Amino acid sequence: MSTQIHIRSLAPDDYSAVARIFFCTVHEGTRTSYSYPQRLAWGGEAIDLDRWKARVEALYGFVAETDGEPIGFITIDRTGYVDLAFVLPSASGRGVGRTLLNAAEDWAKDNGATQLTTEASLVAHPFFQKRGWVVVEEDNVERKGVVLKRYKMQKDLA
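So, how was this worked out
- Residues numbered from 1 in each chain as written.
- Predicted model: local features only at pLDDT ≥ 70, side-chain atom pairs only at ≥ 80, totals over all residues.
- Heavy atoms only, no water.
- Pairing = 2+ DSSP bridges.
- Helix = DSSP H or I, 4+ residues; strand = E, 2+ residues; numbered from the N terminus.
- Expected span 1.5 Å × (residues − 1).
- Buried < 20%, exposed > 50% of the residue type's maximum accessible area, 1.4 Å probe, protein only.
- Contact = heavy atoms within 4.5 Å.
- Phe/Tyr/Trp six-rings, centres within 6.5 Å; stacked < 30°, edge-to-face > 60°.
- Lys NZ or Arg CZ within 6 Å of the ring centre and 35° of its normal.

(A) Inspection of the pairing of strand E6 (residues 134-143) at higher detail. Two elements, E6 and strand E7 (residues 146-156), share nine bridges in a ladder whose sense is antiparallel. Considered in E7, the bridge of Val-141 is made with Leu-148. Here E6 hands over to E7 after two residues, with Lys-144 in that stretch at a positive phi of 50°.

(B) Layout of helix H1 (residues 15-29). The terminal C-alpha atoms of H1, which comprises 15 residues, lie 20 Å apart, in line with the 21 Å expected from a rise of 1.5 Å per residue. Every buried residue of H1 is listed here: Ala-17, Val-18, Ala-19, Ile-21, Phe-22, Phe-23, Cys-24, Thr-25, Val-26 and His-27. For H1, the secondary structure elements touched by its buried residues are helix H2 (36-43), helix H3 (49-57), strand E3 (69-76) and strand E4 (81-87).

(C) Fine view of the packing of aromatic side chains. Evaluated as defined, the whole model comprises nine aromatic pairs. Aromatic side chains Phe-127 and Phe-128 sit 5.3 Å apart centroid to centroid with 75° between the ring planes, which places their arrangement in the edge-to-face category. Residue classification places Phe-127 among the partly exposed positions, given a relative accessible area of 24%. For Phe-128, a relative accessible area of 3% puts it in the buried group. Linked through ring pairs, Phe-22, Tyr-34, Trp-42, Trp-52, Phe-73 and Phe-86 together constitute an aromatic cluster. For Arg-51, the ring lying beneath its charged end belongs to Trp-52, and the centroid distance is 5.4 Å.

Remember that the coordinates give geometry; whether it matters functionally is a separate question.
Have a look at this one:
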């Protein structure tokens, strides 16, 4: 398998790959940080492809691939808000997240954003922090009656 990471724009047809990456990352990749009930509330019991199809159609972002297979994605809007950033657990530690974040940051700068913001999970928090993001506040979000801790974070763009 190639280790080269190819970044391309997110396309509406990516919805099933994005849904799979999200589902696997939430249920497998956050296992040490979130309980089973928390992962279930966050990621769901099964992948809802109709929901993901509609969601991806409304998003802008990037997909990371190796050998034509999607292994991660990131979404960003014109204000610099990073809504979703997920990498398959099997691709973790290979620079996929960093490469996606660099693409999103460059796009944000090119589109006039002066700051990046996100709500980072317990797992994503250290990743963002290593890349110059700072915690604005700790936050709790409720999903299906279950509380999940996260961090509101930002990075100023120079």
